[in-house]
Amino acid sequence: MNKFVVLVIEDDKLVRNLMATTLDLHGYSYLTASNASDALLQITSHRPDVIFLDLGLPDMDGVDLIRKVRTWSSTPIIVISARSEDTDKIDALDAGADDYLTKPFSVDELLARLRVTQRRLNAVQGDKASHIFENGELMVDFAAGIAYMNGEELSLTPIEYKLLCLFCKNVGKTLTHTYLTDAIWGNTLDSDLASLRVFMASLRKKIEKDTTHPRYIQTRIGVGYRMNRL
Ligand code: CA
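Residues numbered from 1 in each chain as written. Predicted model: local features only at pLDDT ≥ 70, side-chain atom pairs only at ≥ 80, totals over all residues. Heavy atoms only, no water.

### A short note on the domain arrangement of the chain
The criterion, for reference: Domain boundaries shown here were taken from an automatic or database domain assignment. Two residues form a contact once any of their heavy atoms are found within 4.5 Å. Note on terms: buried area is the combined drop in 1.4 Å-probe accessible area of two parts once they are placed together, counting the loss on both. Salt bridges are defined by distance alone: a side-chain nitrogen of Lys or Arg within 4 Å of a carboxyl oxygen of Asp or Glu. A 3.5 Å cut-off defines polar contacts: any pair of N or O atoms within that distance qualifies, except that in protein one atom must be a possible hydrogen donor and the other a possible acceptor, and neighbouring residues in sequence count only when both atoms are side-chain atoms. Strands here mean DSSP runs of E at least two residues long; helices mean DSSP runs of H or I at least four residues long; both are numbered from the N terminus.
Structurally, the chain comprises domain 1 (2-118) and domain 2 (131-227). Each partner contributes to the interface: domain 1 provides eleven residues, whereas domain 2 provides ten residues. Both sides of the domain 1 and domain 2 interface together cover about 860 Å² of buried area, and 48% of this is carbon and sulfur. Inspection of the region where domain 1 meets domain 2 yields two salt bridges. Across the pair Asp99 and Arg226 runs a salt bridge, and its minimum N-O distance is 2.9 Å. Across the domain 1-domain 2 interface, the total number found is five residue pairs in polar contact (both at pLDDT 80 or more). Among the elements that take part in the side of domain 1 that touches domain 2, helix α4 (residues 86-94) stands out by supplying four residues, more than any other.

Dropping the structure here:
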């Protein structure tokens with residue numbers, strides 16, 4: 001039995017049962033909640049490792065629940081949303097969610113998100129003590145402010161380096177356009193989104209072998225970007 005405990009917060013019984021069965025089949029321990037108040041109880045009493053959260057709950061807005069949980073817990077939260085709830089999904093990420101799944105999703109997608117999150121948790125524990133971040137052929141020495149690819153120093157502009165560090169420090173986590181433009185420019189003017197795209201394109205040219213099939217930083221269309229743990 002995997003010691004990793006997953007909490008599924010979902011009021012749709014069919015989806016909840018499907019997720020529970022999938023988790024069970026793949027050796028995860030799981031807990032379920034069908035509303036926000038039950039979820040809060042489960043989180044405080046059982047301290048799950050990862051939370052799957054449906055944004056449309058009967059007793060509380062999912063985004064408000066994230067804000068509440070984030071005041072005292074950094075447990076990864078993967079949001080489940082319907083395609084029509086795109087803005088909610090972005091609000092959820094900005095409120096502190098780590099990633100999202102769009103309904104309808106496959107069992108494979110669910111498990112993939114879970115693995116990304118698990119790797120990220122392990123990486124966070126491993127990286128805490130060091131100033132060195134490693135992922136695939138990429139290495140960043142935060143103390144020296146230098147990034148390397150295949151052992152060769154990358155020539156990055158200050159903004160490209162800042163962007164890269166944001167992804168490294170949040171590897172596996174989806175960072176929204178607003179989060180990134182806020183972190184880089186301190187505001188969120190429309191023009192910054194265009195600038196962000198330009199800097200992302202130039203950063204990718206420097207770190208990806210094939211920019212049409214990026215390995216390190218994935219585009220999450222309409223939402224933002226995420227660095228994969230390779
Ligand atoms: Ca729902």
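From this point, things continue past the structure.
### A closer look at helix α7 (residues 177-185)
We count it as follows: Burial here depends on accessible area, computed with a 1.4 Å probe over protein chains only, as a share of the maximum for the residue type. Under 20% is buried, over 50% is exposed, and the range in between is partly exposed. By definition, the arc is the one covered by directions from the helix axis to the C-beta atoms.
Among the residues of α7, those classed as buried are His177, Leu180, Thr181 and Ile184. Buried residues of α7, seen end-on, are gathered within an arc of 95 degrees and therefore sit on one face of the element. Of the residues one or two after α7, Gly186 is the one with positive phi, at around 75 degrees.

### A closer look at α4
Among the residues of α4, Lys89, Ala92 and Leu93 are the ones counted as buried. Taken end-on, α4 shows its buried residues confined to a sector of 95 degrees, consistent with a single buried face. Where α4 terminates, the next one or two residues include Gly96, which has phi positive at roughly 125 degrees.

### Observations concerning the packing of helix α2 (residues 36-46) against helix α3 (residues 62-70)
Put simply, the rule is: Whenever a helix is involved, its axis is fitted only over the stretch in contact; in every case the axis is a line through C-alpha atoms, and angles between N-to-C directions fall within 0 to 180 degrees. Any angle from 65 to 115 degrees is called roughly perpendicular, while one under 35 is roughly parallel, one over 145 is roughly antiparallel, and all others are oblique. Crossing chirality is assigned from the near helix's rotation relative to the far helix, an anticlockwise turn below a right angle marking it left-handed and a clockwise turn marking it right-handed. The classification used treats Ala, Val, Leu, Ile, Met, Phe, Trp, Tyr, Cys and Pro as nonpolar, Asp, Glu, Lys and Arg as charged, and all other residues, Gly among them, as polar.
Interaxial distance between α2 and α3 falls to 11 Å at its minimum, and their mutual angle equals 25 degrees. Taken as axis vectors, α2 and α3 run roughly parallel relative to one another. The element α2 and its partner α3 pack so that their crossing is right-handed. Where α2 approaches α3, its residues Ala36, Ala39, Leu40 and Ile43 are matched on the opposing element by Leu65, Lys68 and Val69. Each residue belonging to the contact of α2 with α3 can be placed in one class, and the counts come to six nonpolar, no polar and one charged.

### Structural notes on the environment of Asn228
In this fold, Asn228 is placed in the segment after β12 (224-227). The class for Asn228 is buried, based on a relative accessible area of 14%. Note: C-alpha distance between Asn228 and Arg120 (108 residues apart in sequence) is 9.0 Å.

### Things to note about the sheet that holds strand β3 (residues 50-54)
Applicable threshold: Strand pairing is defined by DSSP finding a minimum of two bridges between the two strands.
The strand order across the open sheet built from five strands is β2-β1-β3-β4-β5, with neighbouring strands paired in parallel fashion. Of all strands in the sheet, those bounded by a partner on one side alone are β2 (29-33) and β5 (99-103). Ignoring strand direction, the axes of neighbouring strands in this sheet form an average angle of 20 degrees. For strand β1 (residues 5-9) and β2, the ladder comprises five bridges, and the chain directions are parallel. In the sheet register, Val5 faces β2, and the bridge partner there is Ser29. Along the sheet, α3 contacts β1, β3 and β4 (77-82); its crossing angle with β4, the most-contacted strand, is approximately 175 degrees. On top of the sheet, α4 reaches β4 and β5; it is set at about 165 degrees to β5, its chief contact.

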